[in-house]
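# Results of the structural survey
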Amino acid sequence: MAGLKCRYMSYEYEIDYDTQNSYEKGLNEAFWQFLVIPEDNETQEVSYWHFENDLGERNSVSINGLGFKTVQVRSKKQVDHINFNAHFKVVKKEINPFDFELPSDLEAERAHLNSLEFKVDHEPYLRKTRFTTLPEQHRSYFEFDRSISIFENLTHLNHWTFEHLYFKTGVTDVNTPLSEIIEKRHGVCQDFTHLFCAIAKYNGVPCRYVSGYLHQGHGFFGDSQMHAWAEAFVPNVGWIGFDPTNDLLASHNHIKVCHGKDYTDCAPLKGVVYTHGANETKYSVFVKAAQQQ
Amino acid sequence: MGTAIDKTIFSSYVRKEGLFDEVFQSDGEVKSVYQKLLDLYGSRTIEDYVSLNNKAKSSFFNQGITFQVYGDKQSQEKIFPFDLFPRIIDSAEWETIEKGAIQRSLALNHFLWDVYHDKKIIKDNIVPIELLSSSPNYLHQMMDVDPPSKVYNHISGTDIIKHSDGDYYVLEDNIRCPSGVSYVICNRTALKRALFGVFNHYQTYTVTDYAENLLNLLESVKPPGVDAPVCVVITPGMFNSAYYEHSYLAKAMGVELVEGRDLFVENDFVYMKTTQGPVRVDVVYRRIDDLFIDPMEFHPDSTLGVPGLFAAYKKGNVTLANAPGTGVADDKAIYTYVPDIIKYYLGEEPILKNVHTYHCSRPDELKYVLENIKDLVIKPVDEAGGYGISIGNKLTKEEIEKVKAVVKANPRKYVAQPIMSLSVHPTYIDQKESFEQRHVDLRTFTVLGHDQQFVLKGGLTRVALKEGNLIVNSSQGGGSKDTWVLKQ
Amino acid sequence: MLARVANNLFWMGRYIERAEHIARYMNVNYFSSLDAPNQLSQSRQFVLRSMLFMVGDPVPDDSIKLEEESVLYDIGLNPEKFYSILSSIKAARENANSSRDLISTELYESLNKFYHFVVNYPTDTFVKTNLYDFTVNVTEMIAVLRGKIRGTLLHDEVYAIIMMGVNIERAIQITRIINTKYNDALLAKGSYGDTFAHSFEWTTLLKCAESYDMMRRLYKKSPTSTSTLEFLLLNGRCPRSFMNCINQVYKHILEIDKKVEYSKHSTAFMVGKIRSEFEFKQIEEIQEDIQGNLNMILNKMFKISENMEKEFFHY
């Protein structure tokens with residue numbers, strides 16, 4: 001497959017991830033795992049990181065089951081909260097997402113998608129999960145057009161998702177089923193991304209959920225939170241990022257942390273705490289463009 | 001020699017037509033291997049037998065080899081029913097079983113390596129991709145993980161039956177956390193206590209070397225760079241129905257029996273919390289389902305597991321036996337492909353038979369299925385746990401027509417198998433104070449390690465205690481028998 | 001050894017020991033009261049109150065008339081009462097269950113049999129006719145368990161932890177029994193001389209501690225308050241005495257904690273300090289404030305147990 005060709009333009013970002021978790025009844029023992037470190041890949045490189053927690057416990061960097069770096073913190077003392085801060089510097093290359101040729105033979109492209117070899121190689125991201133299974137009654141909602149290429153279809157889907165859902169915070173949470181999002185037509189970046197993935201997978205295009213940071217500045221949605229977008233696999237090209245919340249292709253403003261089948265694989269914080277009481281979680285993200293080269 | 005039917009203890013034993021009896025030939029003669037045993041047992045009265053049986057029961061009860069039954073008021077403890085009349089397998093038959101069990105375990109191990117690496121068998125169209133993509137036990141976290149010595153299914157339990165044709169057939173492979181091995185040993189102990197005299201007349205292999213072999217295996221798959229590995233057994237806890245087995249195995253191996261809360265992970269190393277502080281753990285024999293071993297990776301609500309364990313495993317700092325993700329190879333749907341899997345990886349013919357499977361997706365086989373539904377069991381390919389199964393000889397005419405229509409409408413979704421008949425074995429029935437024919441199966445235990453294979457010479461013979469019942473599971477009121485493998 | 005398992009073994013030891021003291025206390029008090037010389041000591045209400053006081057469920061209100069059968073049931077077989085013999089045995093077995101891989105098959109089998117004996121004991125027979133049979137069986141089976149602990153376990157850390165539990169519990173129970181009988185003696189005084197010092201209750205106390213014969217052999221006189229307290233608190237050669245218990249606890253803690261120098265917050269240090277204090281204690285000092293000294297002993301034992309939990313079982 002052809003990789004993305006890049007120009008020699010690069011951007012440097014500073015990222016702050018900050019979270020406060022408090023536990024009403026206190027904890028005897030706890031384990032937290034943060035999935036917030038930007039990935040090192042062809043288009044981005046982490047040049048600096050620093051972690052801090054206010055419990056005085058060690059921050060250990062580990063690698064999770066899907067191959068992404070995590071930070072683990074274990075506490076064996078009696079505590080009632082944890083404040084955790086991560087600071088990164090990331091160098092991101094300029095990306096031209098259109099830097100490839102559209103296929104001349106649409107039938108061949110489709111045949112490739114339907115081949116056994118392709119399906120086997122991409123099985124993980126063709127697999128439908130709880131959040132990315134298109135409900136039966138909504139299957140004709142957005143149909144792929146066989147007269148245009150996969151990439152064009154995905155671009156249309158990206159636009160359609162952006163138009164179809166209204167961005168609204170506080171109306172959905174991490175457990176809202178896809179059918180509710182389709183019916184009520186609102187949600188946040190996670191919901192936009194799940195819908196995009198569901199429709200792409202339903203049409204046989206491998207698609208994965210991406211969690212990361214979005215550099216603001218152009219009035220994009222996703223302010224001071226972790227952002228989510230999708231990556232779809234376009235035959236003969238590779239993985240391309242689609243941001244349906246903003247009707248964009250992923251660019252140098254999208255700093256990727258990890259990908260997975262859906263949000264469940266990408267939750268920025270997982271914790272095992274031994275407590276009976278309620279807990280409260282707050283977090284904020286700040287992305288700043290340091291300089292352009 | 002006269003037939004044993006004359007003996008007092010078997011005076012009311014009835015042989016039914018069409019059932020394969022393990023002890024008596026179709027003409028009523030005792031099979032030679034059982035002759036001596038029948039002479040010894042037969043000279044006793046049923047009263048002797050009743051009293052021995054009660055002694056054996058109280059021995060189990062006092063040793064606390066029990067399981068809980070939850071009733072209306074308070075929970076009650078019950079023993080697993082144990083039958084004092086042993087099952088004998090002669091050395092020739094055993095050789096086939098042993099070789100067959102190893103062959104299956106090795107082939108399934110190759111299969112696991114393949115589906116977590118190049119997936120050649122899928123790309124070569126031997127096993128359909130749907131079996132991976134529809135399996136909740138196919139763990140993507142295991143992709144490209146290289147377990148020590150390339151072993152995934154360190155411990156397998158293979159369920160084998162003898163059909164009315166006198167041949168052994170495999171019904172099921174269990175390669176997640178197969179249980180039952182402690183009962184093999186307990187049964188032997190109980191039988192020795194009650195009837196030690198009979199052992200003088202038979203050269204039987206011991207079964208007490210299982211723990212030793214298991215420990216050797218666990219040590220052989222230690223993480224690289226570790227000299228004297230610390231092994232532990234992890235259990236869900238004392239309320240698990242197999243807790244006795246977990247504690248037995250830990251004790252017999254002389255290793256710690258831990259629960260999730262006894263372990264913790266720091267910097268990708270696993271430690272157990274001891275009175276003298278943390279001690280590093282190198283090999284974990286897990287008796288917790290893989291989806292519960294680490295809430296960071298799998299079920300987030302699991303309190304049985306250890307947060308961070310999987311990352312430590314993936315990094316190679318601890319070995320898990322069995323490896324996570326083995327469940328993909330013992331799904332019912334994969335079972336039908338095991339003969340193909342054996343041929344594909346080992347280039348051998350299967351030594352133990354599979355129950356023949358007709359794939360309705362293949363036109364000739366579909367034709368056969370539609371014509372013979374009354375002699376077949378029809379199963380959906382992708383449903384687990386016994387859903388949607390139709391047993392031909394129990395269907396009415398209308399129901400047969402319905403099933404035919406459903407299968408014809410979607411032949412790819414269905415497979416069919418002949419209705420199997422499990423062999424029967426004389427079994428003492430408490431309520432009737434007499435011996436009767438009961439269906440039995442055999443679970444063998446295979447251990448794969450670094451360059452080593454071992455099958456416990458014995459295995460668990462499970463008995464369906466209800467008359468005519470084919471389900472031998474202990475949850476369905478099944479019992480068990482001591483199983484003797486003869487040396488010559 | 002796993003910290004959780006050590007905790008379980010420690011409590012297994014404690015519960016086994018506890019059950020025995022309660023059973024013996026019931027037995028001795030009930031049957032010695034039947035022909036006691038003093039009218040109060042002979043009163044059934046007095047005995048029942050004494051039993052409830054000993055298990056930590058006192059009924060101070062004299063106007064309440066206690067029901068004999070229900071008191072016996074509560075202390076013997078009531079699964080709802082945490083202090084019942086049945087609850088102790090149940091807890092001992094549960095603790096053994098979770099550490100089955102570490103204790104011997106023989107010990108487990110005996111405990112398990114014992115548990116089934118207690119659980120299946122007919123309630124009705126127990127409260128009406130079989131108090132003697134039940135309590136004697138309990139004490140004898142516990143004697144068997146003690147033998148299995150001593151004789152079928154490797155004398156290593158596992159054994160030391162169990163024995164710590166046994167001896168700490170014994171120290172606590174002996175002190176509780178002394179405390180109860182001390183209170184009974186204040187109420188039921190003897191009929192000649194110093195009536196408190198010659199109360200019939202001192203004999204009962206020694207029998208409750210299974211120490212009557214030993215004491216007679218040593219002192220060759222009828223027990224008085226002074227000789228009884230001296231024997232049960234300070235005589236290191238009496239296996240039931242507090243002094244012996246603390247000696248045992250000290251011996252076993254050294255097996256668990258093998259450091260050369262002990263920090264002053266360690267359990268080993270605490271135990272050693274109490275032991276030295278009592279080694280040179282005189283009975284006269286204790287008699288200055290019997291109640292205060294008994295409370296002090298109990299508090300120190302509770303502290304040791306708490307400290308062990310922090311030091312070794314905190315997981």
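In short, a report on the structure.

Rules of the game
Residues numbered from 1 in each chain as written. Chains lettered and ligands numbered in written order. Predicted model: local features only at pLDDT ≥ 70, side-chain atom pairs only at ≥ 80, totals over all residues. Heavy atoms only, no water. Helix = DSSP H or I, 4+ residues; strand = E, 2+ residues; numbered from the N terminus. Buried < 20%, exposed > 50% of the residue type's maximum accessible area, 1.4 Å probe, protein only. Phe/Tyr/Trp six-rings, centres within 6.5 Å; stacked < 30°, edge-to-face > 60°. Lys NZ or Arg CZ within 6 Å of the ring centre and 35° of its normal. Pairing = 2+ DSSP bridges. Axes fitted to C-alpha atoms, helices over the stretch in contact; angles between N-to-C directions.

Looking now at unusual backbone geometry. Residues and elements named next belong to chain B. Residue N322 follows A321 across a cis peptide bond; omega there is -5 degrees. Non-glycine residue K150 carries a positive phi angle of around 60 degrees. For K150, the location among the structural elements is in the loop between helix 5 (130-133) and strand 4 (155-162). With a phi angle near 50 degrees, E433 is a residue other than glycine that sits in the positive phi range. Structurally, E433 is set in the loop between strand 18 (424-429) and strand 19 (434-449). Residue E433 is classed as partly exposed on the basis of its relative accessible area, which comes to 43%.

Here the focus is the packing of aromatic side chains. For the coordinates displayed, the defined rule picks out 51 aromatic pairs over all chains. Taking the centre distance of 6.2 Å and the plane angle of 15 degrees together, the rings of A:F51 and A:F84 count as stacked. Of this pair, A:F51 sits in strand 3 (residues 44-53) while A:F84 sits in strand 6 (residues 79-93); the two residues are 33 residues apart in sequence, bridging distant segments of the chain. For A:F84, a relative accessible area of 1% corresponds to the buried category. Ring geometry for C:F82 versus C:Y83: centroids 5.3 Å apart, planes at 75 degrees, classification edge-to-face. A residue is classified by how much of its surface remains accessible, and C:F82, at 62% relative accessible area, is exposed. Taken together, A:F34, A:W49, A:F51, A:F84 and A:F88 form an aromatic cluster joined through their ring pairs. Geometry around A:W239 places A:R208 over its ring, the cationic atom sitting 3.8 Å from the centre. Just above the ring of C:Y212 sits the side chain of C:K207; from NZ or CZ to the centre is 5.1 Å.

Now for the sheet that holds strand 9 (residues 269-274) of chain B. Residues and elements named next belong to chain B. Taking strand neighbours across the sheet as the criterion, the three strands line up as 8-9-10 in an open arrangement whose pairing is antiparallel. A strand with exactly one partner marks an edge of an open sheet, and here the two such strands are strand 8 (263-266) and strand 10 (277-280). When the angles between neighbouring strand axes are averaged without regard to direction, this sheet yields 40 degrees. Both strand 9 and strand 10 contribute to a ladder of four bridges, which runs antiparallel. When the sheet's bridge partners are listed, K273 is paired in strand 10 with P278.

Moving on, we get to the pairing of strand 21 (residues 460-464) of chain B. Residues and elements named next belong to chain B. Within strand 21, five of the five residues are buried, leaving the element largely enclosed by the surrounding structure. Every second residue of strand 21 is oriented toward a common face, with L460, R462 and A464 on one face and T461 and V463 on the other, all of them buried. With four bridges joining them, strand 19 and strand 21 adopt antiparallel strand pairing. Note on strand 21: the bridge partner recorded for D441 is R462.

As far as function goes, none of this settles anything; it's purely spatial.
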